[in-house]
Amino acid sequence: MIGRRQSGVALIVTLVLLTAVTLVTASAMNTATLQIVMAGNVTSYDLAFQAASTGIELAIARGEFSVESPGALPLTRLDDSGAATEAVVVFSESTPVPGAAFSLGEGSAELQAFHFEITAVGTGPRNAVSTQRQEFYVLGPADPADPGTAPP
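Residues numbered from 1 in each chain as written. Predicted model: local features only at pLDDT ≥ 70, side-chain atom pairs only at ≥ 80, totals over all residues. Heavy atoms only, no water.

Draft legend 1. Fine view of the pattern of salt bridges. Within the structure shown, the criterion is met by two salt bridges. Of the charged contacts in the structure, one is a salt bridge between R62 and E64, with a shortest N-O distance of 2.9 Å. With relative accessibility at 35%, the residue R62 sits in the partly exposed group. For E64, a relative accessible area of 48% gives the class partly exposed. R133 is the partner of E117 in a salt bridge, and the nearest nitrogen-oxygen pair spans 4.0 Å. With a gap of 16 residues between them, E117 in strand β3 (residues 111-123) and R133 in strand β4 (residues 129-141) connect regions that are remote in the sequence. (Salt bridge = Lys/Arg side-chain N within 4 Å of Asp/Glu carboxyl O. Buried < 20%, exposed > 50% of the residue type's maximum accessible area, 1.4 Å probe, protein only. Helix = DSSP H or I, 4+ residues; strand = E, 2+ residues; numbered from the N terminus.)

This is the structure in structure tokens:
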């Protein structure tokens, strides 16, 4: 038995198992890398979404609403992550305020609702972009001669 030649089956089985383990490990690494990239993309989109929301808030806080020309919030960098926002405020229409609206009672015919729409675009890292629209109105004095007058 000592002088018998070995056929090398153990070597072949070991090489096949080593190849299988290597393929499984490489596949797991690719999957993990893909998941990291996907998580980064979700984070980038979330930053863009938050930047667009911030653009709406900044445009409203500025309070520059005109029935004659669109107002614009210029491109504003928000932080070091690359997030930025810009917004445009556009007048859409004016409507009368009903007599019993907003607990105003009688005399509310002197008021008018001026409707505006803000469109904000937020950008984030990795070229992520989010667009949001917000409509709102501002109450202001009505001018019987010109129902489209600007609010105060």
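Draft legend 2. Representation of the sheet that holds β4 within the structure. Reading across the sheet, the four strands line up as β1-β2-β3-β4 and stay open at both edges, with antiparallel pairing between neighbours. Only two strands of the sheet have a single partner each, and these edge strands are β1 (71-77) and β4. The mean angle between the axes of side-by-side strands here comes to 20°, regardless of whether they run parallel or antiparallel. Of the strands in this sheet, β1, β2 (84-96), β3 and β4 are in contact with helix α1 (residues 9-62), which crosses β4 at around 15°. (Pairing = 2+ DSSP bridges. Axes fitted to C-alpha atoms, helices over the stretch in contact; angles between N-to-C directions. Contact = heavy atoms within 4.5 Å.)

Draft legend 3. Focus on the side chain of S130. Considering the arrangement of structural elements, one finds S130 in strand β4. The exposure class of S130 is buried, given its relative accessible area of 3%. Sequence-distant contacts of S130, defined by excluding residues within four places in its chain, comprise Y45, A48, F49, A52, A120, V121 and G122.

Draft legend 4. Inspection of the nonpolar core at higher detail. One finds I56, A59, F65, V67, L73, A87, V89, F114, F116, I118, A120 and F136 forming the largest nonpolar core, which totals twelve residues. Leave out the neighbours within four places in its chain, and A59 touches F65, L73, A87, V89 and I118. (Core = buried A, V, L, I, M, F, W, Y, C linked by side-chain atoms within 4.5 Å.)

Draft legend 5. Broad picture of the environment of S44. Secondary-structure assignment places S44 in helix α1. Since its relative accessible area comes to 5%, S44 is described here as buried. Ignoring sequence-local partners within four residues, the contact set of S44 consists of G124, P125, R126 and A128.

Draft legend 6. A look at the environment of T22. Relative to the assigned elements, T22 resides in helix α1. Relative accessible area serves as the criterion here: at 48%, T22 is assigned to the partly exposed category. At a separation of 2.7 Å, a polar atom in the side chain of T22 contacts the main-chain carbonyl oxygen of L18. (Polar contact = N/O pair within 3.5 Å; in protein donor to acceptor, adjacent residues only side chain to side chain.)

Draft legend 7. Geometry of α1. Here α1 is 54 residues long and its end C-alpha atoms lie 80 Å apart, about the 80 Å a rise of 1.5 Å per residue gives. G40, S44, A48, A51, A52, G55, I56 and A59 are the residues of α1 that are buried. Lining the buried residues of α1 we find β1, β2, β3 and β4. At the exit of α1 stands G63, carrying a positive phi of roughly 70°. (Expected span 1.5 Å × (residues − 1).)

Draft legend 8. The packing of aromatic side chains, seen in detail. Counted according to the given criterion, the structure contains five aromatic pairs. Measuring from centroid to centroid gives 5.4 Å for F65 and F116, while their planes differ by 40°, and the two rings are tilted. With a gap of 51 residues between them, F65 in the loop between α1 and β1 and F116 in strand β3 connect regions that are remote in the sequence. The pair formed by F65 and F116 is uniform in burial state, with each residue classed as buried. Centroid distance F91 to F116: 5.5 Å. Interplanar angle 65°. Geometry classified as edge-to-face. Residue F91 is found in strand β2, and its partner F116 is found in strand β3; the two are separated by 25 residues along the sequence. (Phe/Tyr/Trp six-rings, centres within 6.5 Å; stacked < 30°, edge-to-face > 60°.)

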